[in-house]
Amino acid sequence: MQVSAPIISTTLAKSSRALAQNRKRLIELSFLVFIVSSITWMGVAIGASKVDFLLPLKAFYDFVSGGLESNVTHNIVANIRTPRVLMALLVGAALAVSGASLQGICRNPLADPGLLGISSGAAVGAVIMILFATYLPAFEFAGPYLVSIAAFAGAAIATFSVYHLAQVNGNIQISTFLLAGVAINALCGAIIGGLSFIADDQALRLITFWMMGSLASANWLAVAITAPTLGFVVWAIYRKRHALNLILLGEANARYSGVDIERVKNQILWLTALAVGVAVAFSGIIGFIGLVVPHILRAISDTNYRYLVVNSALLGGALLALADIASRMLIAPAELPIGILTSLIGAPFFIGLLIQQKKRLGVRL
Amino acid sequence: MSLRAENLTVRFGNKIVLDDLNFVCSSGEMTAIVGENGAGKSTLMNCLSGALNFEGLVTLNNRPIKSMSIAQQAQYRAVLPQHSTINFPLDVREIVRLALALTSLSHDDQEAIINDSLKLVDARQFVNRDYLKLSGGEKQRVQIARVLAQLRAYDHEHSRFLLLDEPTSALDLKHQYAILSMLRELCSAASMRDIGALVILHDLNLASLYCDKVLLLKGGTLIKHDTPRIVFEGSRINDTFGINVFIDSHPDTQQPYLVPRI
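So, a few notes on the structure that sits alongside this text.

Before going further, it helps to spend a moment on the overall build of chain A. Of the regular secondary structure elements, chain A holds 14 helices and 2 strands. A burial count over chain A gives 55% of its 365 residues as buried. Within chain A, residue pairs in contact and separated by at least 24 positions form 75% of the contacts whose partners lie at least 6 positions apart. Within the structure as shown, chain A displays about 16000 Å² of accessible surface, and the carbon and sulfur contribution to it stands at 70%.

Our focus in this paragraph is the packing of aromatic side chains. All names here are of chain A. By the definition in use, this model includes 5 aromatic pairs over all chains. Each residue in the set F152, F160 and W270 is aromatic and connected to the rest through ring pairs, giving one cluster. Here the basic side chain of R25 rests over the ring of Y307, its NZ or CZ set 4.9 Å away from the ring centre. One residue, R241, lies across the ring of Y238, its end atom 4.2 Å from the ring centre.

All right, on to the packing of helix α8 (residues 220-239) of chain A against helix α13 (residues 305-329) of chain A then. All names here are of chain A. Relative orientation of the contacting elements α8 and α13 amounts to 165°, with a least axis distance of 9 Å. Between α8 and α13, the crossing angle belongs to the class labelled roughly antiparallel. Considering the relative orientation of α8 and α13, their crossing is right-handed. Seen from α8, the contacting residues are V234, I237 and Y238; seen from α13, they are R306, V309, V310 and A313. In the contact of α8 with α13, the residues fall into 6 nonpolar, no polar and 1 charged.

On to the packing of helix α3 (residues 72-105) of chain A against α8 of chain A, then. Residues and elements named next belong to chain A. Running from N to C, α3 and α8 cross one another at 25°; their axes reach a closest spacing of 9 Å. Between α3 and α8, the angle falls in the class roughly parallel. When you trace α3 past α8, the crossing you get is left-handed. Residues A78, N79, T82, P83, L86, M87, L90, A93, A94, V97 and S101 of α3 form the contact with α8, whose participating residues are W220, A222, V223, T226, A227, L230, V234 and I237.

One finds M30, L162 and L183 of chain B to be the most contacted residues of the largest nonpolar core, which totals 160 residues. The element that contributes the greatest number of residues to this core is helix α11 (residues 261-283) of chain A, accounting for 14 residues. Setting aside its immediate chain neighbours within four residues, L162 of chain B contacts A78, V147, L148, L151, L183, L186, G196, A197 and L198 of chain B. With 29 residues, the next largest nonpolar core counts L8, L21, C47 and F54 of chain B among its residues.

Residues and elements named next belong to chain B. Pairing between strand β11 (residues 245-249) and strand β12 (residues 256-260): 5 bridges, direction antiparallel. Counterpart to D248 in the pairing with β12 is Y257. Hairpin connection of β11 to β12: 6 residues between the antiparallel strands, including Q254 at a positive phi of 65°.

Residue and element names in this part refer to chain B. The 4 strands lie next to each other as β2-β1-β4-β5, forming an open sheet whose pairing is antiparallel. With partners counted over all chains shown, the strands left at the sheet margins are β2 (15-26) and β5 (63-64), one partner each. Here helix α1 (residues 41-48) sits on the sheet and contacts β1 (2-12), β2 and β4 (55-60); the angle it forms with β2, its principal contact strand, is near 60°.

Taken as a whole and judged by the stated rule, the model has 0 disulfides over all chains. Lacking any disulfide linkage, C47 of chain B is separated from the closest cysteine sulfur, that of C25 of chain B, by 14 Å.

Here the focus is the side chain of K240 of chain A. Residues and elements named next belong to chain A. With respect to the helices, strands and loops of the structure, K240 is situated in the loop between α8 and α9 (241-247). At 9.4 Å, D260 is the nearest oppositely charged side chain to K240, a buried residue that forms no salt bridge. Among residues more than four places away in sequence, those in contact with K240 are V264, Q267 and I268.

Turning to the interface of chain A and chain B, a few remarks are in order. The partner chain B presents 44 residues to the 35 residues of chain A that form the contact. When chain A packs against chain B, the two sides together hide about 3500 Å² of surface, and 56% of this comes from carbon and sulfur. At the junction of chain A and chain B, the tally comes to 0 salt bridges. The interface formed by chain A and chain B contains 9 residue pairs in polar contact (both at pLDDT 80 or more). If you list the elements that add at least two residues to the side of chain A that touches chain B, you get α1 (11-45), α9, α10 (251-256) and α14 (338-361) of chain A.

Rules used in this analysis
- Residues numbered from 1 in each chain as written.
- Chains lettered and ligands numbered in written order.
- Predicted model: local features only at pLDDT ≥ 70, side-chain atom pairs only at ≥ 80, totals over all residues.
- Heavy atoms only, no water.
- Helix = DSSP H or I, 4+ residues; strand = E, 2+ residues; numbered from the N terminus.
- Buried < 20%, exposed > 50% of the residue type's maximum accessible area, 1.4 Å probe, protein only.
- Contact = heavy atoms within 4.5 Å.
- Areas by Shrake-Rupley, 256 points an atom, 1.4 Å probe, with all protein chains shown as cover.
- Phe/Tyr/Trp six-rings, centres within 6.5 Å; stacked < 30°, edge-to-face > 60°.
- Lys NZ or Arg CZ within 6 Å of the ring centre and 35° of its normal.
- Axes fitted to C-alpha atoms, helices over the stretch in contact; angles between N-to-C directions.
- Parallel < 35°, antiparallel > 145°, perpendicular 65-115°, else oblique.
- Left-handed = near helix turned anticlockwise from the far one by under 90°.
- Nonpolar A, V, L, I, M, F, W, Y, C, P; charged D, E, K, R; others polar.
- Core = buried A, V, L, I, M, F, W, Y, C linked by side-chain atoms within 4.5 Å.
- Pairing = 2+ DSSP bridges.
- Disulfide = S-S within 2.5 Å.
- Lys, Arg positive; Asp, Glu negative; His and termini not counted.
- Salt bridge = Lys/Arg side-chain N within 4 Å of Asp/Glu carboxyl O.
- Buried area = accessible area lost by both parts, 1.4 Å probe.
- Polar contact = N/O pair within 3.5 Å; in protein donor to acceptor, adjacent residues only side chain to side chain.

Here it is, written out as structure tokens:
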């Protein structure tokens, strides 16, 4: 059959609408990039003691001219604050993109790596590796890699357990999904708590770090491990954008439209486990970013994964970097665990979403 | 070109849900699948669409459907399931555009196909509305438009099949007629000789008025597959559905018209 499209008199109107649509997306993207850049700048400029908006430039000058070592403040900027801000951007992006894609494959806006226990699984993997591998001579140089791999393994185990627990007759029921998440979260919390007390002296610090998250230990090595991993995950998920969009129609419809649904779901689960694993390995459990960010984007922009993947990465990064600045400033010189902040913002959001869903789906939830 | 079933059998455990079905549906033909609840209509649809495993053979344009990849199947047949639930806000245009998501069509070609498909189901007027806010019948028309768009999404010389599970269940009377006559035209139109449709219907009169063939199922077996005039014979309908009908003929088309006796 010939499928050449007939030329319709309204082509002009259509094209101008498409143009306006494209311009809107471009403005959104530029706005997000602008937000990310300004928050990055702020994050580097704002310190516990004072705020100096020229500081990033000064430190960069010292870094280029080789005078970095002689200036303590500039050294702090280059080796502590900058990687910390970058890490916040990366972790936020990883969590937001994971949330957006998990919501896609379970076709429900309530999915979030924290709520589903994926973050806890990653934390268990990381804690186990830290406690038992510190005795290995290799831990000296391979430590961060080993911890990342263990966190990835933990995240993958949690992801697939939750996923298979939630399957009822081959379908994912979001209620069972969240309940499975509750179970895995409880189990992992207990394991982390228990393990933390084996390492007695650091026990409390460890619990705080893993259960409430922190970006305080960020360094350039962490950035170097996380950035390419996240880049790969975002790229791979972006490539699945059409499939993710089609899954919004329901699994049967997606399959009838040509999506190899089982394969796509498996790939997305592995990719989110990878992103969450690496994020958690360096920052502990930070909740709700994956829930809040895609929700905001769907409300102000579009459900289409063509935009949602990249926009989630940008907004997730910006939001977490902002939260990190707040966590440093609110009770300075002490630091508020960042997970507390994100939960404070995220939990009401979650409740709101629940109410919205209850209204729309009735007993479905 | 055809959609063919040979010795098609489906078992759920020990229960035989479809029992050794053999039939051929040609392109250019619109076939109604009718039968009482639990007769195996949807199961048959799932087999023909490649979603359900079965014994025997189903071929699409002489190729076994089991040997085709999911992406290939999508190029030769489009399926409308009985229910489609969407949980995210999408406007009508985006829903229909999803049918073209896996193709490499240009934006203008996509727009043309989307507009044509929406026009066929009388849904142009709500093209920019939020799908979630539509009525049940409007949603059903949009889903039909999406499936029609999928039929035109791929460029090849082979015939395409539409598999529709109760496409008229949520429609008002006017749109029941409009959609079915549109489908019939689509199948019989000279330029579209290579589209065939299989439609699950509960209203036997609609089947009689609009379909070229009727495939009558009972308890998983094929009772009769022929034109409405032959299939809709009083005693056969009475036996299959367990009701008492009087068979009249439609004043305009002389097709059988079923009147239940009270």
